[in-house]
Amino acid sequence: MPRRQSNAPSQPVVATIDIGTTSARAILFNQGGVEVAKHQIEYSTTASEAPAESENKEQFRRRSSLMRHNAPIFTAEGIAISITDDVEIENNSASVGPTLRFPQPGWVECMPVHILANAVQCLIACLITLRKINQNPELKIKYKVKAIGIANMRETTIVWSRKTGKPLSNGITWTDTRTAEIVQHLERTIDDERKEELKQKTGLPLSTYFSAAKLRWLIDNDDTIKEEYEKGDGNLMFGTVDTWLIYHLTKERSFVSDVTNASRTYFMDLETRDYDDDLLDFWGIDPTRVALPKIVSSSEFYGSFAAPNLSNLGFHNKITPEAYEILKTITGIPICGCLGDQSASLVGQLAFKPGSAKCTYGTGCFLLYNTGNRKLISEHGTVTTIGFWFPNLKDEDANPHYALEGSIAVAGSIIQWLRDNLKLIEHARDVGPLASQVDNAGGVVFIPAFSGLYAPYWDGGARGTIFGMTQYTSSSHIARAALEGVCYQVRAILRAMANDAGASEDFLEEALNRQNEKKPLSALSVDGGMSKADEVLQIQADILGPCVTVKRANISECTALGAAIAAGLSFKDEEERVWKDFDDIYEKINGTDDEKNNFKAKLPDSDRRKYWKRWEKAIDRAKGWLDEDN
């Protein structure tokens, strides 16, 4: 007879809530980094509420009908999503509406209460799965949630009322560009010396990307927030998505922000890891009129889980009493790990040591290089940020780890554009085979700067541009050039990082060798939607050259895993931790290296150099397209 469930020993699992730009998910990980349960909700958007410009009424009616009958929809990465036990499409009913909204050109908003509700719903679904697993009479062990971690899209700005807990406006997401005039005004009015002083403190350029300009815009332009700010009675609360979630999911109403998220606000000094009066004054923010969350490490006790009352926050879709009963099974469990999504991916790729690099091909593309305990301020267009901070570990591992970061605005979304706008492919998975029908792009260069160029160019006036087309050009050439456009930007970022560290411009393999590593940057760990295509990774390897191996992650959900690791390392008592230290993580999670996931360059060096020069020439011509002088 199998032993009774009540007597079965328990094995810890860590619950992660992972909030992306276009979806929310919850995943339960065991000590081996294996998913025990998973649930994902793809957001609906205002784009699905009305006919597209190219549609007539009948086409829109048909599309709406298909959506109602569970036809596949697409993520921002262009990946087809079908409704299954693990994935669902957000309920876009009139009473709730979509999570993601595009009210004006360049504006991208999110609904903070919907994000919270989706996170709770995903967590409930995972706990139901866990209960089913634990009820299996054949099971020799019983899984038990030990800790909760959070990963989230960064820079997204939310302002809410301390009195009610309700948001006072829609959240402004990281991709929103409504603050362009604010940023351009500052660019024009401050001198280079002041810009350098700000960059030394924050590690960031002036950009619409970061939170400070978004908060400034809300105070200046949202009547409700402006009125509360002027009252200055302590009701106004500011936070990024991590702060919003932790505040509403903890019994203590903990008002905190993890250091990796806080480093993206433009309010935090990288050295002190605290708010800087000079930076707040620069943005005209009075901290006595708007509360700023306490900045904390990535791995410590923030508060005890408690289910939020969503109806009190104005969320009309009812969560059933049965669902709240399920949530009671984790009431009091510590929320104790938090990382901004790109830092979470760095940790999930197990890139703990200085000299490790990862690249995530999501909606955008994000490359992080771990520089260890050394804060390296970029002179070549990359951003300095906090990679992670795990204070309960020993020696140097306990210190904050910095990273250089390069971000590309358009990556996976270029596949969606090829499919939906140009109709070159029917499914996202078709882009690789289409691009592989030709050996090269036939002289075509595609700069996918749909919302300007991010690192290392930082040109908000650039726009998407295709050069070099002739009558010979085919859809395969355009598809290949589009993929190359993402991969060339990755090379540009790595090159900038190499220059920042004093490495030779001609030898990418020397990247960041001033970290005194015994070996140079020899591998780029990759994850995200586009990394699933072998063709994309071979193009990336060819563009980087023979000295760098492109390695696809063995575990696909690196971002969620990173937040789980942060939570699992948070306990002060080593015996209480899910993983004792980095070595224990390597031993339990790393797994075997699969050669099928490793990609090396096949392109001759002479061709690689020629194509790179062509790319740089195209970049120069694409810059400043929207400048008034043009």
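Residues numbered from 1 in each chain as written. Predicted model: local features only at pLDDT ≥ 70, side-chain atom pairs only at ≥ 80, totals over all residues. Heavy atoms only, no water.

This part covers the side chain of N152. With respect to the element layout, N152 can be found in strand β9 (residues 142-152). Here N152 falls in the buried class, since its relative accessible area comes to 0%. Setting aside its immediate chain neighbours within four residues, N152 contacts I19, V241, D242, N261, C338, L339, G340 and D341. (Helix = DSSP H or I, 4+ residues; strand = E, 2+ residues; numbered from the N terminus. Buried < 20%, exposed > 50% of the residue type's maximum accessible area, 1.4 Å probe, protein only. Contact = heavy atoms within 4.5 Å.)

For the rest of this paragraph, the subject is the pattern of salt bridges. Considering all chains together, one arrives at 30 salt bridges under this definition. Note that R154 is salt-bridged to E155, the shortest N-O span being 3.8 Å. Per residue, the accessibility class of R154 equals that of E155, and both read buried. Salt-bridge contacts for D278 lead to K201; the nearest nitrogen and oxygen are separated by 3.2 Å. Taken as a pair, D278 in helix α9 (residues 277-282) and K201 in helix α4 (residues 192-202) lie far apart in primary sequence, 77 residues in all. Among the ionic contacts, a cluster of salt bridges with common partners joins R154, E155, R264, D341 and E405. (Salt bridge = Lys/Arg side-chain N within 4 Å of Asp/Glu carboxyl O.)

To continue, consider the packing of helix α12 (residues 413-420) against helix α14 (residues 475-500). Two measures define how a pair of helices packs: the angle their axes make with one another and the distance between the axes. Contact geometry for α12 and α14: axes closest at 10 Å, N-to-C directions at 160°. What the angle tells us is that α12 and α14 run roughly antiparallel. When you trace α12 past α14, the crossing you get is right-handed. The residues of α14 that touch α12, namely those facing I414, I415 and L418, are I478, A479, A482, L483 and V486. Grouping the constituent residues of the contact of α12 with α14 by class yields 8 nonpolar, no polar and no charged. (Axes fitted to C-alpha atoms, helices over the stretch in contact; angles between N-to-C directions. Parallel < 35°, antiparallel > 145°, perpendicular 65-115°, else oblique. Left-handed = near helix turned anticlockwise from the far one by under 90°. Nonpolar A, V, L, I, M, F, W, Y, C, P; charged D, E, K, R; others polar.)

Looking now at the environment of S211. Of note, S211 is situated in helix α5 (residues 211-221). Sequence separation between S211 and A262 is 51 residues, and the spatial gap between their C-alpha atoms is 9.2 Å. With near-sequence residues (within four places) excluded, S211 lies in contact with E155, T157, F238, T240, R264 and T265.

The next thing to look at is the environment of L537. Structurally, L537 can be placed in helix α15 (residues 534-544). On the basis of relative accessible area, L537 is assigned to the buried category, the value being 0%. Note: C-alpha distance between L537 and T549 (12 residues apart in sequence) is 9.9 Å. When near neighbours in sequence (up to four residues on either side) are disregarded, L537 contacts Y361, V526, S531, V550, R552 and F599.

If you walk through the whole model with that rule in mind, you get 21 aromatic pairs. Seen in terms of ring centroids, Y266 and W283 are 5.5 Å apart; in terms of plane orientation they differ by 80°. Their pairing is edge-to-face. Of the two residues, Y266 is situated in the loop between α8 (259-262) and β14 (268-269) and W283 in the loop between α9 and β16 (294-296); the sequence distance between them amounts to 17 residues. Across this residue pair, the class does not change: Y266 and W283 are buried. Put simply, the rings of F352, F388, F390, F582 and Y586 pair up and form one aromatic cluster. Over the aromatic face of W217 sits the side chain of R178, whose NZ or CZ is 4.7 Å from the ring centroid. (Phe/Tyr/Trp six-rings, centres within 6.5 Å; stacked < 30°, edge-to-face > 60°. Lys NZ or Arg CZ within 6 Å of the ring centre and 35° of its normal.)

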